[in-house]
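Structural features, examined
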Amino acid sequence: MLKKTLFLFFYVLSTVVYAQDNNMKGRVFDESGIPLPGVAITVKGTARGTITDLNGNYSISVTKGQEIVFSLLGMLPQTIVYNNQSTLDITLLTDKKALEEVVVIGYQTIKKSDLTGAVSVFNPDEMKNTTVSGTVGDALGTLPGLMVRTAGSPGSEGKVEIRGTGTLGPSNPLYVVDGIVSGANRDFNFNDIESIQVLKDASAAAIYGSRAGNGVIIITTKQGKEGKMKIDLSSRGTAQWLPRYNLTNREQWINLNDLAFSNANKQPANHFDGNTDWQEEVFKTGWLQDHNISFSGGSKESRYFISGNYQTNSGTTIGSNSERFTLRSNMSTSRNFGENLKLNIGENIVLSNYSVNELNTNPIIDVYRMLPTIPIYDPNNAARGGYGYGDGSRDVTFGTNPFAREDFENTKNGNLRTRGNVFGELEFFKSLKFRTNFGFDLSNDKHEYLRKVGYWAYNQPTDPSSLNKNQAQYRGLVFDNTIDYIKKFGKHDISAVIGTSYQTSNYEQIWGTKNDVLVSVNGYFTQLDAALSNPKTGSYQDNEKLFSVFGRLNYTYDEKYLFSFTMRRDESSKFNPVYSVGYFPSVSAGWRISKESFFNVPWINDLKLRANYGILGTSNIGPWDWNSFITVFPQAIFGVDQNIATGMTQIRLANADLKWEKMAQFNGGFDATILNNRLQISTDFFIKETKDVLTAMQIQMVTGNNGGNPVVNAATLKNTGVELTTTWRDRIGEFGYSLGLNASYLKNKIVKLGYGRDEFTQWDTKSIVGHPIGEWYLIKTDGLFKSVEEVQAHRSSNGTLIQPNAQPGDVKFVDYNDDGRITDADRQHCGSTIPKYQLGMNFGFDYKGFDLQLQFSGSFGFKSFNGPRSGYDRFDDNSNYRADYDPWTPDNPNAKDPRPISGDSRNVVGNQDRWLENGGYLRIKQIALGYSLPKKALGTTFSQVRLYVNAQNLVTFTSYKGLDPEFLNTNIWDRSYDGGAFPNPRGITFGTQITF
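Because the structure is a prediction, the values reported are computed rather than measured.

Calculation rules
- Residues numbered from 1 in each chain as written.
- Predicted model: local features only at pLDDT ≥ 70, side-chain atom pairs only at ≥ 80, totals over all residues.
- Heavy atoms only, no water.
- Helix = DSSP H or I, 4+ residues; strand = E, 2+ residues; numbered from the N terminus.
- Buried < 20%, exposed > 50% of the residue type's maximum accessible area, 1.4 Å probe, protein only.
- Contact = heavy atoms within 4.5 Å.
- Areas by Shrake-Rupley, 256 points an atom, 1.4 Å probe, with all protein chains shown as cover.
- Phe/Tyr/Trp six-rings, centres within 6.5 Å; stacked < 30°, edge-to-face > 60°.
- Salt bridge = Lys/Arg side-chain N within 4 Å of Asp/Glu carboxyl O.
- Patch = residues over 30% accessible without salt bridge, like charges linked within 9 Å, V, L, I, M, F, W, Y side chains within 5 Å.
- Pairing = 2+ DSSP bridges.
- Axes fitted to C-alpha atoms, helices over the stretch in contact; angles between N-to-C directions.
- pLDDT = per-residue confidence, 0-100.
- Expected span 1.5 Å × (residues − 1).
- Polar contact = N/O pair within 3.5 Å; in protein donor to acceptor, adjacent residues only side chain to side chain.
- Core = buried A, V, L, I, M, F, W, Y, C linked by side-chain atoms within 4.5 Å.

1. Description of the overall build of the chain
A tally of helices and strands in the chain yields nine helices and 53 strands. The 996 residues of the chain split such that 51% are buried. When contacts within the chain are restricted to residue pairs at least 6 apart in sequence, those whose partners lie at least 24 apart make up 70%. Split by element, the accessible area of the chain, about 44600 Å² in all, is 55% carbon and sulfur.

Below, the structure written as structure tokens:
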């Protein structure tokens, strides 16, 4: 009823306003003669417009000679010139290019409409206004089934986890760039990306076999297109800053500190004379610049794309900055040798140079560990470097002065990397294609660490100056050969690929270090020959090899029935030859029910049901983990001449029976396109279970093992989830909009830990069979004691006084096991560290050259431990305090916070739930407004000029009291513990995009 009312409203409005002009009526149909509601009808050069009603009818006022445009998403627009027709019926043709959108699924492309696996497609246009400075995965936070955490400091890389934790080792997905397995790290130019596909289930990812257990992210970079040279230029600058703690100033701190000393029956401390706002001094406004230029074009036979990028990040704290240069070149050319033979050759080469001055301290912790009474520079410490820090006779803190540490420690890392591929293809009879592809990834890494003489903390040991230089080389090579067959005959559509892949990787590292570095008038020397004592050197090498045979068959009958089978055989050098081979099959099927003759639902344009099952693998171990380690460390003295003889001994026991982790996954779902292709819906349900999970197993050192815990196949992990993707796109006249919502639910469970273990304990979490990994197990609190009577009333069931040393104002702990004492045995389940729900939203609007983008992301259903709050709420070990700390006193019996006690830890034990908070959040990741100059203002030189402004991370809805609820912790056992993680900066970007 509401739809009919709206259509009637628009119909009446359009006819009333333009009644003075001629009126044209008619109906709009699709190719099958079915009426099309919601078709936008506009008169060019005017504000007039209307839409068709539920039966395809329209009526519009128009003047002779004016152009009328009929448009509907998913259909080809049609323009007619009005010539005094009183009625005109229009037939809109299907936009087959839109319907035949293809996705890359590994060694093949497939129409998205024929896809039977779970694949999420990311369009870089959704992030065209922002700069990605870490991994490419940092931009994928709105896709369903992905948990993305980013790090805010220069050089830091985030973490992407697809469909939960399925392994106890590294869980990073596999990145495939232009068909070559390669990283997409901080040295990757995001501006070069054409499209990103995320393969989430076994059917989609099985072609990559043993490397696909954590999912696959396929990146396709931009290619040249036929036409004259196109020049794209973009430049953007981002001002960034960090959120801040609410900490005390000098006077507030002294008052709380004196109260803590008084409660401990001590005389107040002798305070320093400084007045330092450490956040104001350490945090700064950073400036991130990204400048990109590309040249592309070509003929029908040959195409080229060349790009260059420069990015620099000054950082949002003292002590760190980064710089990056990248250059990309890809070219391809072809020649026909008759009608049935065609040769294609091409290359894709990227050169990148990345350098970063690393942080040596954690300023996010330092700013609250240092006291506001301590100055940055202290002349009393001139003999120790001249910086201020704690003093045992005055204000005591073991906090680090970040200015001092960043001055006395310098860490520089640099990376020069060349990667890419060259390929050749022979196409026979337009249905058979042989492709040979050689890929390479060559990297030269340099590390330099200089320790100067100086002090940055109280009670710091005296260390000599030292210099460490480290150089590493990586060489990864891959040689792929595939045969691709595509044939359509009658109602049968077949595509198949078979191939082999041989990959080798070699990593070598050599290092040297010496003490007592010489100093010149310009500072410390940075060559090892300029250091005088205690020389040490070392080196090691890692080698890996992987040989694979794979194949995939896709079959479609009458566009209704879809079938796919994939098999891959991998043989890896990381396992004992007896167990080195793994087989990874998958099978999938789909039914496009909307193509059936009995299916007659006009408002559903396409409906496809699909399901698949397959097995993927991972080899989350080092290259030598199945071998025992020998050391040449032991020495003995023999004979009259007391000769030193070097011996050898085994220091690490190893497990020669290691085998592949195998992850079996079932996925079922449906894809639907409805309401004249405006609304697209995809839903997936999956069950993912990983068996023989590789994990280090602790054994007693009396066995002779002293080189780390040996790896075993032990645990079984299970993840179950549901994912939903919805997108609504429409255009009404010159106004276009899109609304996207992605949501997912995840349940993690440990099925087995192996070797008789029922649980694994971290100090703040437990991982128990039948439960998720790393649940919070803490001592619960029950407010504060307000009186002596409450202390005396807090007893166990047998009458034992539970906290005999407690006084009014102290924390009341729950005696969970009722033994009359508060011990570690009183820890109990307090919540999950793993988000159950993920949410992503993308909204886009455009009108007459203006475009507006909004991107949201959120996580819910978990708790986070606020580590910094547990630090600045302590009074037993001096730090700064919370400005809104509300201490209990006899005059403030209803206080929110316990009484501070200097040197007493009774109220601040770290395993209590007082600092456990709801970690859920909803964040507006970006709000961007852009304007493209009209074509008529550009002349013949420019084809596009666009200006935009973008705000990032400015608004977050959360009850979490830390700096950033979206913090990064890579430890799977307590992933939601905020230990002073570097927060995501807030920022505003100003940019321009120009196309010649």
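What follows continues from the structure just given.
2. Some details on the packing of aromatic side chains
Here the structure, examined in full by the defined rule, presents 32 aromatic pairs. Between the aromatic rings of Y107 and F550, the centroid separation amounts to 4.3 Å while the plane-to-plane angle is 25°, which identifies the pairing as stacked. With Y107 in the loop between β8 (102-104) and β9 (109-111) and F550 in strand β28 (residues 531-557), the pair connects residues that are 443 residues apart, well separated along the chain. The structure contains a cluster of three or more aromatic residues connected by ring pairs, namely W763, W776, F865, W915 and Y977.

3. Structural notes on the pattern of salt bridges
Per the stated rule, a full pass over the model turns up 49 salt bridges. Residue E280 pairs with R244 through a salt bridge whose shortest N-O separation is 2.8 Å. Highlighted residues: E280 in helix α5 (residues 278-282) and R244 in the loop between β17 (227-241) and α4 (250-263), separated in sequence by 36 residues. Judged by relative accessible area, which is 46%, E280 ranks as partly exposed.

4. A short note on a nonpolar patch on the surface
A cluster of nonpolar residues, L553, F563, F565, M567, Y583, V587, Y613, F666, F685 and V722, forms a patch on the protein surface that exposes about 830 Å² of accessible area. Looking at the nonpolar patch, the elements that each hand over two or more residues are β29 (561-572) and β30 (581-592). Looking at the nonpolar patch element by element, the count peaks at three residues for β29. Tracing the chain through its elements places F666 in strand β36 (residues 661-674).

5. Focus on the environment of S796
Positionally, S796 belongs in the loop between α8 (788-793) and β44 (811-813). It is 7.4 Å that separates the C-alpha atoms of S796 and D815, two residues lying 19 residues apart in sequence. Not counting the four nearest positions on each side in its chain, S796 is found in contact with I802, D815, D818 and G820.

6. Some details on the pairing of strand β15 (residues 193-199)
Side-chain positions along a regular strand alternate between the two faces of the sheet. Most of β15 is tucked away: six of the seven residues are buried. Examined bridge by bridge, strand β10 (residues 119-122) and β15 share four bridges and lie antiparallel to one another. Each bridged residue has a counterpart across the sheet, and for V121 the counterpart in β15 is Q197. Pairing between β15 and strand β16 (residues 216-221): six bridges, direction antiparallel. Each residue of the ladder has a partner; that of Q197, found in β16, is I218.

7. A word on the sheet that holds strand β5 (residues 67-71)
Strand order in the open sheet formed by four strands is β3-β2-β5-β6, with antiparallel pairing between adjacent strands. Of all the strands in the sheet, the pair left with one neighbour each is β3 (49-51) and β6 (78-81). Taken over all neighbouring pairs, the strand axes of this sheet differ in orientation by 20° on average, direction set aside. Bridge analysis of β5 against β6 gives four bridges, and the strand direction is antiparallel. If you follow F70 over to β6, its bridge partner there is Q78.

8. Section: the sheet that holds strand β41 (residues 765-768)
Taken together, four strands build an open sheet; the order of strands is β40-β41-β42-β45 and the sheet is antiparallel. In the strand order of this sheet, the two ends are held by β40 (759-761) and β45 (828-831), each with one partner. Geometrically, the sheet is characterised by an average inter-axis angle of 40° between neighbouring strands, direction not taken into account. Two elements, strand β42 (residues 775-778) and β45, share three bridges in a ladder whose sense is antiparallel. Of the residues in β45, the one forming a bridge with Y777 is H829.

9. Some thoughts on the confidence of the model for the chain
Summing up the model confidence of the chain, the mean pLDDT is 89 and the portion of residues at 70 or higher is 96%. Below a pLDDT of 50 lies the segment residues 1-20, which in the model reaches 22 contacts outside its immediate sequence neighbourhood of four places, other chains included.

10. As for α4
Between its first and last C-alpha atoms α4 spans 20 Å; for 14 residues at 1.5 Å apiece the expected length is 20 Å, and the two agree. Considered for burial, the residues of α4 that qualify are R250, W253, I254, L256, N257, A260 and F261. The opening residue of α4 is N249, an N-cap whose side-chain oxygen sits 3.2 Å from the backbone nitrogen of E251. Backbone geometry just downstream of α4 places N265 in the positive-phi region, at approximately 60°.

11. Overview of unusual backbone geometry
Even without a glycine there, the phi angle at N265 is positive, about 60°. Mapping N265 onto the fold places it in the loop between α4 and α5. Although it is not a glycine, E559 adopts a positive phi angle of roughly 60°. Tracing the backbone through its elements, the reader meets E559 in the loop between β28 and β29.

12. Re the pairing of strand β39 (residues 735-752)
Direction of pairing for strand β38 (residues 711-732) relative to β39: antiparallel, over a ladder of 17 bridges. Within β39, the residue paired with I732 across the bridge is F735. Taken together, the 11 bridges between β39 and strand β46 (residues 837-847) define a ladder with antiparallel strand orientation. Bridge pairing in β46 links G740 to N842.

13. Topic: the nonpolar core
Y245, W278, V282, I364 and F403 are the most contacted members of the largest nonpolar core, which totals 31 residues. Mapped by element, the contributors of at least two residues to this core are α4, α5, α6 (363-369) and α7 (402-408). Top contributing element to this core by residue count: α4, with four residues. If near-sequence neighbours (up to four positions away) are discounted, Y245 is found in contact with Q279, I364, V367, Y368, P868, Y872 and L963.

14. Some remarks on the environment of N362
Structurally, N362 is set in the loop between β21 (341-357) and α6. Judged by relative accessible area, which is 27%, N362 ranks as partly exposed. Sequence separation between N362 and P35 is 327 residues; the distance between their C-alpha atoms is 64 Å.

15. Examining the side chain of T618
When you line up the elements, T618 lands in strand β31 (residues 604-618). The class of T618 is buried, set by a relative accessible area of 8%. A distance of 2.3 Å separates the side chain of T618 from the side chain of E661, its partner in a polar contact. In contact with T618, not counting residues within four places along its chain, are S210, G213, N214, W660, E661 and L694.

16. Considering the environment of T285
Here T285 is to be found in the loop between α5 and β18 (286-298). You can call T285 exposed: its relative accessible area is 58%. Considering only alpha carbons, one finds T285 and W241, 44 residues apart in sequence, at a separation of 5.0 Å. If sequence neighbours within four positions are ignored, T285 has contacts with A239, Q240 and G315.

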